[in-house]
Amino acid sequence: MKRLIVVSNRVSPPSEEESGNQGGLTLALSAVLRESNGIWFGWSGGETETYTGNINFQKSAGVTTATVDLEPQDIHEYYDGFANRTLWPLFHYRVSLAEFERGFVDGYERVNTRFAETLLPLITEDDLVWVHDYHLIPLGQRLRERGVDNRIGFFLHIPWPPMRLMVSLPNHQELVESLFAYDVVGFHTEDWLDSFLDYVRAQMDAEIRDDGTVVWRGRTLRAVVCPIGIDARAYAETAQGETARTMCRQMQASADGRGMIVGVDRLDYSKGLQERFLGYERLLATRTELQEQVFLLQIAPPSRESVQTYQEIRASLDALSGRINGEFASVEWVPVRYVNKGYPRDVLAGIYRAAKVGLVTPLRDGMNLVAKEFVAAQDPEDPGVLVLSHFAGAAAQMPEAVLINPYSPEEIADALAHALTMPLAERQARWRALMDGLLEEDVTWWLGQFMAALDPGTTETVELA
Ligand code: ADQ
């Protein structure tokens with residue numbers, strides 16, 4: 001097997017502990033890194049006064065990580081700036097929230113160049129390089145400029161915006177052109193791929209061939225749809241493990257016979273949290289018989305707190321949850337339990353299993369793994385129902401969920417009422433179909449699909465440990 005070098009903004013090395021608390025992506029990437037004797041390169045999350053390019057190598061659970069610290073100005077302009085204040089909102093179709101500052105672009109270019117210079121000596125002939133996400137779009141080109149002619153792939157974890165939105169980015173052309181340094185570019189869904197192809201056709205006059213390759217000025221890339229999966233089998237086992245079982249029992253006891261609707265997200269405006277609260281409020285207002293019979297548990301740990309839009313959404317959710325509780329609560333019943341902290345995966349799995357409904361309402365989401373984890377955690381004999389936004393990439397693979405338009409509080413309220421009263425046989429049938437899909441297109445499948453495109457000659461498959 002060829003050696004794999006994974007590059008991502010942040011590196012999350014596997015830990016030696018049990019797999020129950022680790023993300024499926026970390027585990028899957030770790031498996032292939034371990035087998036190929038590869039390296040995972042990226043930012044440590046730490047700061048240094050002046051960038052040195054000193055690499056901190058560590059080996060954890062058989063995986064070698066190579067991390068660097070960044071200067072405060074890099075973090076401000078590259079990470080908080082261009083990545084999180086420009087590209088993130090724009091790529092989630094929120095142009096009005098995007099901030100366009102040349103300083104951010106400079107910082108983004110600078111960090112990508114620094115990453116390339118620092119990574120260069122680690123790359124040997126025949127290595128495969130796999131770059132992840134919007135933080136590092138120009139990295140492939142920076143490596144090519146330094147003579148790297150290895151196979152390099154890029155995977156975008158978030159949506160690709162429609163062309164008419166993309167052109168509002170002042171440096172859109174440069175950014176998209178830089179993608180042609182990659183051999184493979186992967187997206188979660190056909191929608192994101194189509195938007196990319198629209199752009200390169202209309203703005204760059206690129207040639208799109210029937211075999212999925214795109215040719216522009218002598219460079220050829222293969223654009224692939226490759227939806228990320230979870231390790232559904234392992235997640236289902238986690239949900240039946242001791243921690244999850246204990247948590248599930250505790251939640252059932254605390255629900256006291258009431259139906260629990262659960263939402264779990266990073267506190268981010270792309271996740272449609274306000275819309276979710278409004279839909280739930282509508283349910284309580286219009287189906288008064290459900291008052292006292294249900295409650296919404298929303299778990300949303302704050303993220304990107306230095307960015308103002310994130311402070312604003314937090315304040316707005318505080319107000320909304322307060323308003324709903326103020327309006328509907330009784331001495332014995334709190335309609336919204338709103339929790340601003342994260343929980344370990346095995347605890348979450350137990351919470352999902354205790355819920356009647358998983359409510360996932362992003363306004364735009366590359367994929368959304370919470371929807372998949374909710375399904376994998378259910379008891380096959382008595383499964384909860386997934387209510388899922390059409391605008392999450394996951395909706396393309398999960399048609400048996402109750403699909404909704406999150407902009408409509410009525411649709412959310414109707415879907416919740418439908419899910420809460422759904423007959424057992426229908427719940428089981430929907431769950432079985434969803435779970436079969438998750439087992440078939442799981443994280444190992446995703447990895448295999450992308451690796452096959454990146455290294456077309458390979459016949460090897462990766463098994464998760
Ligand atoms: P995210 O925007 O972070 O990821 P998502 O895929 O839903 O969104 O979640 C990532 C992980 O975080 C999940 O495994 C989930 O369990 C965990 N998580 C979320 N809230 C949590 C909480 N309160 N406590 C503990 N864990 C929590 C980006 C894209 C997505 C895409 C993924 C992977 O935005 O669209 O699905 O990358 O490609």
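Structure shown above.
Residues numbered from 1 in each chain as written. Predicted model: local features only at pLDDT ≥ 70, side-chain atom pairs only at ≥ 80, totals over all residues. Heavy atoms only, no water.

**Some points on helix 10 (residues 273-286)**
Between its first and last C-alpha, helix 10 extends 20 Å over 14 residues, near the 20 Å set by a 1.5 Å rise per residue. Among the residues of helix 10, those classed as buried are Leu 273, Glu 275, Arg 276, Phe 277, Gly 279, Tyr 280, Glu 281, Leu 283 and Leu 284. Elements in contact with the buried residues of helix 10: strand 11 (259-264), strand 12 (294-299), helix 11 (308-328), strand 13 (336-339), strand 14 (357-360) and helix 14 (409-420). (Helix = DSSP H or I, 4+ residues; strand = E, 2+ residues; numbered from the N terminus. Expected span 1.5 Å × (residues − 1). Buried < 20%, exposed > 50% of the residue type's maximum accessible area, 1.4 Å probe, protein only. Contact = heavy atoms within 4.5 Å.)

**So, the sheet that holds strand 16 (residues 402-404)**
The pairing of strands in a sheet comes from backbone hydrogen bonds and takes either a parallel or an antiparallel form. In space, the six strands of this open sheet follow the order 13-12-11-14-15-16, with parallel pairing throughout. Only two strands of the sheet have a single partner each, and these edge strands are strand 13 and strand 16. Direction aside, the axes of adjacent strands within the sheet are offset by 20 degrees on average. Here four bridges tie strand 12 to strand 13, and the two strands are oriented parallel to one another. Bridging across to strand 13, Leu 297 finds its partner in Arg 337. Against the sheet, helix 12 (residues 345-354) makes contact with strand 11 and strand 12, and its axis sits at roughly 140 degrees relative to strand 11, the strand it touches most. (Pairing = 2+ DSSP bridges. Axes fitted to C-alpha atoms, helices over the stretch in contact; angles between N-to-C directions.)

**Considerations on the sheet that holds strand 3 (residues 56-60)**
Strand order in the open sheet formed by ten strands is 3-4-2-1-5-6-7-10-9-8, with mixed pairing between adjacent strands. Strands at the two margins of the open sheet, each flanked by one partner only, are strand 3 and strand 8 (207-208). Bridge analysis of strand 1 (residues 4-10) against strand 2 (residues 39-47) gives five bridges, and the strand direction is parallel. Across the sheet, residue Val 6 finds its bridge partner in strand 2, namely Trp 40. Its contacts with the sheet place helix 7 (residues 190-204) against strand 7 (184-187), strand 8, strand 9 (213-216) and strand 10 (219-225), and it is angled at close to 155 degrees to strand 10.

**Observations concerning the site of the ligand**
Around the ligand, the structure places 22 residues, and the nearest of them are His 157, Pro 301, Asp 365, Met 367 and Glu 373. His 157 is positioned such that a nitrogen or oxygen atom in its side chain is 2.6 Å from an oxygen atom of the ligand. Between Tyr 343 and the ligand, the recorded distance is 3.1 Å, taken from a backbone N or O atom to a nitrogen atom. Isolated, the ligand exposes 710 Å² of accessible area, and the fraction of that covered by the protein chains is 82%. Contributing elements (two or more residues each) for the shell around the ligand: helix 12 and helix 13 (369-376). (Near = heavy atom within 4 Å. Polar contact = N/O pair within 3.5 Å; in protein donor to acceptor, adjacent residues only side chain to side chain. Areas by Shrake-Rupley, 256 points an atom, 1.4 Å probe, with all protein chains shown as cover.)

**Some thoughts on the packing of helix 10 against helix 11**
Between helix 10 and helix 11, whose axes approach to 10 Å, the crossing angle comes to 10 degrees. The orientation of helix 10 relative to helix 11 falls into the category roughly parallel. In this structure, helix 10 uses Leu 273, Gln 274, Phe 277, Leu 278, Glu 281, Leu 284 and Ala 285 to contact helix 11, whose residues at the interface are Ile 313, Ser 316, Leu 317, Leu 320, Ser 321, Arg 323, Ile 324, Glu 327 and Phe 328. Counted by class, the contact of helix 10 with helix 11 contains ten nonpolar, three polar and three charged residues. (Parallel < 35°, antiparallel > 145°, perpendicular 65-115°, else oblique. Nonpolar A, V, L, I, M, F, W, Y, C, P; charged D, E, K, R; others polar.)

**With respect to the environment of Ala 433**
Take Ala 433: it is sitting in helix 15 (residues 424-440). Taking C-alpha positions, Ala 433 is 46 Å from Gly 107, a pair spaced 326 residues apart along the chain.

**Quick word on the pattern of salt bridges**
Under the defined criterion, the tally for this structure stands at 29 salt bridges. With its nearest N and O atoms 3.6 Å apart, the salt bridge here joins Glu 292 to Arg 258. A residue pair is termed long-range when its members are at least 10 positions apart, and Glu 292 in the loop between helix 10 and strand 12 and Arg 258 in the loop between helix 9 (242-255) and strand 11 qualify at 34 residues. Taking relative accessible area as the criterion, Glu 292 reaches 30% and is therefore assigned partly exposed. The exposure class assigned to Arg 258 is buried, which follows from its relative accessible area of 19%. A salt bridge links Asp 365 to Lys 271; the shortest N-O distance between them is 3.0 Å. Highlighted residues: Asp 365 in the loop between strand 14 and helix 13 and Lys 271 in the loop between strand 11 and helix 10, separated in sequence by 94 residues. No difference in accessibility class separates Asp 365 from Lys 271, as the two residues are buried. A network of salt bridges, in which partner residues are shared, links Glu 71, Asp 74, Glu 77, Arg 110 and Arg 114. (Salt bridge = Lys/Arg side-chain N within 4 Å of Asp/Glu carboxyl O.)

**Quick look at helix 16 (residues 443-454)**
When the terminal C-alpha atoms of helix 16 are compared, their 16 Å separation across twelve residues agrees well with the 16 Å that a helix rising 1.5 Å per residue should span. For helix 16, the complete set of buried residues consists of Val 443, Trp 446, Leu 447, Phe 450, Met 451, Ala 453 and Leu 454. The buried residues of helix 16 occupy one face: seen down the axis, they fall within an arc of 160 degrees. Of the residues that open helix 16, the one with a side-chain oxygen 3.2 Å from the backbone nitrogen of Thr 444 is Asp 442. (Arc of directions from axis to C-beta.)

**Describing the packing of aromatic side chains**
This structure, assessed with the given rule, holds 19 aromatic pairs. Where Trp 130 meets Trp 446, the ring centres are 5.3 Å apart and the plane angle is 40 degrees; that geometry is what we call tilted. Taken as a pair, Trp 130 in strand 5 (residues 128-132) and Trp 446 in helix 16 lie far apart in primary sequence, 316 residues in all. In terms of burial, Trp 130 and Trp 446 fall into one category: buried. (Phe/Tyr/Trp six-rings, centres within 6.5 Å; stacked < 30°, edge-to-face > 60°.)

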